[in-house]
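Okay, here's what each chain looks like letter by letter:
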Amino acid sequence: MSKFIAEKTFRMTNENNDLVISYVVHGLEKEAAMLAYEETKNSEKKLEVEVKPYRSKRSLEQNKLLWVLLGKLAMAMSGRKNKVSSEEAYAIMLEEANVSYDYLLALPEAEPMLKKSFRVVRKMGEREVNGKTLNVYQYFIGSSKFDTKEMTELIEATLDKLAELGIYDSEIEVARREYRG
């Protein structure tokens, strides 16, 4: 299946008064659009076409900024800025920001495996299912799955936490202006 991003849409009719929709494609997307055309130009089969607004995933700039802020948060919370303390700050912020999470039922002995699979796992309660006691777990999705809106929420929550701890510097203030308007 081919997929590409278009920037403009046009509506026309052909000589049989059939509707013809076309899209304007720029830059690197032209190659993807051309592949879609080549894959389908001689097809005898009908095509299913899905059109939806483009939503960019989290940006690399957002990711870079988040980890800079998490490093500063780790330093403020633990007095050191290393991978472990930055990861701990990341887990805290995923939980505090409450941006993207889900729930699951599992046997109590599955908890260690869940904690290896997800950044943050919280036991929320217990349920009886078919005579067995299962735990209800809330788990937080990591930022690698976030879109730009969710990343913005996580960055804003991290900026709030830094302000709450009284941590200010020029990098933080530039980020605060960018995300607070």
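Please refer to the structure placed before this passage.
Everything numeric in this text was worked out from a predicted model, so none of it was measured.

**Digging into the packing of helix H2 (residues 60-78) against helix H5 (residues 148-164)**
Two measures define how a pair of helices packs: the angle their axes make with one another and the distance between the axes. Packing of H2 against H5 leaves a shortest axis separation of 10 Å and a crossing angle of 20 degrees. Taken together, H2 and H5 sit at an angle that is classed as roughly parallel. Note on packing geometry: the crossing formed by H2 with H5 is left-handed. On the side of H2, the interface is formed by Gln62, Asn63, Leu65, Leu66, Leu69, Leu70, Lys72 and Leu73, while H5 contributes Thr148, Met151, Thr152, Leu154, Ile155, Thr158, Leu159, Lys161 and Leu162. Among the residues forming the contact of H2 with H5, the class breakdown is ten nonpolar, five polar and two charged.

**Focus: the pattern of salt bridges**
The tally for this structure, following the rule as stated, stands at ten salt bridges. Across the pair Glu111 and Lys115 runs a salt bridge, and its minimum N-O distance is 3.1 Å. Of this pair, Glu111 and Lys115 both sit in helix H4 (residues 111-117), four residues apart, which is roughly one turn of the helix. The class for Lys115 is partly exposed, based on a relative accessible area of 47%. Taking the shortest distance from any N to any O, the salt bridge between Lys149 and Glu153 comes out at 2.8 Å. Of this pair, Lys149 and Glu153 both sit in helix H5, separated by four residues, roughly a single helical turn. Glu153 gets classed as partly exposed once you look at its relative accessible area, which sits at 30%.

**Re the sheet that holds strand E5 (residues 132-140)**
Pairing within the open sheet is antiparallel, and its three strands lie in the order E3-E5-E4. Unpaired on one side and paired on the other, strand E3 (101-106) and strand E4 (120-129) mark the two borders of the sheet. The average undirected angle you get between the axes of adjacent strands in this sheet is 25 degrees. Note: E3 against E5, six bridges, orientation antiparallel. Looking at E5, one finds that Leu105 is bridged to Val136.

**Section: unusual backbone geometry**
One non-glycine residue, Asn17, adopts positive backbone phi at about 65 degrees. On the secondary structure map, Asn17 appears in the loop between strand E1 (8-13) and strand E2 (19-24). Classification of Asn17 as exposed rests on a relative accessible area of 61%. We note that Asn98 has phi near 55 degrees; this positive angle belongs to a residue other than glycine. By secondary structure assignment, the location of Asn98 is in the loop between helix H3 (83-97) and E3.

**Things to note about the packing of aromatic side chains**
Tallied over the entire structure, the rule returns four aromatic pairs. Each ring, one from Trp67 and one from Tyr90, has its centre 4.9 Å from the other, and the planes form 40 degrees; the classification is tilted. Taken together, the positions of Trp67 in helix H2 and Tyr90 in helix H3 put the pair 23 residues apart, joining distant regions of the chain. Given a relative accessible area of 3%, Tyr90 falls into the buried group. Where Tyr101 meets Tyr103, the ring centres are 5.7 Å apart and the plane angle is 85 degrees; that geometry is what we call edge-to-face. According to the relative accessible area criterion, Tyr101 is partly exposed, its value standing at 34%.

So, how was this worked out
Residues numbered from 1 in each chain as written. Predicted model: local features only at pLDDT ≥ 70, side-chain atom pairs only at ≥ 80, totals over all residues. Heavy atoms only, no water. Axes fitted to C-alpha atoms, helices over the stretch in contact; angles between N-to-C directions. Helix = DSSP H or I, 4+ residues; strand = E, 2+ residues; numbered from the N terminus. Parallel < 35°, antiparallel > 145°, perpendicular 65-115°, else oblique. Left-handed = near helix turned anticlockwise from the far one by under 90°. Contact = heavy atoms within 4.5 Å. Nonpolar A, V, L, I, M, F, W, Y, C, P; charged D, E, K, R; others polar. Salt bridge = Lys/Arg side-chain N within 4 Å of Asp/Glu carboxyl O. Buried < 20%, exposed > 50% of the residue type's maximum accessible area, 1.4 Å probe, protein only. Pairing = 2+ DSSP bridges. Phe/Tyr/Trp six-rings, centres within 6.5 Å; stacked < 30°, edge-to-face > 60°.

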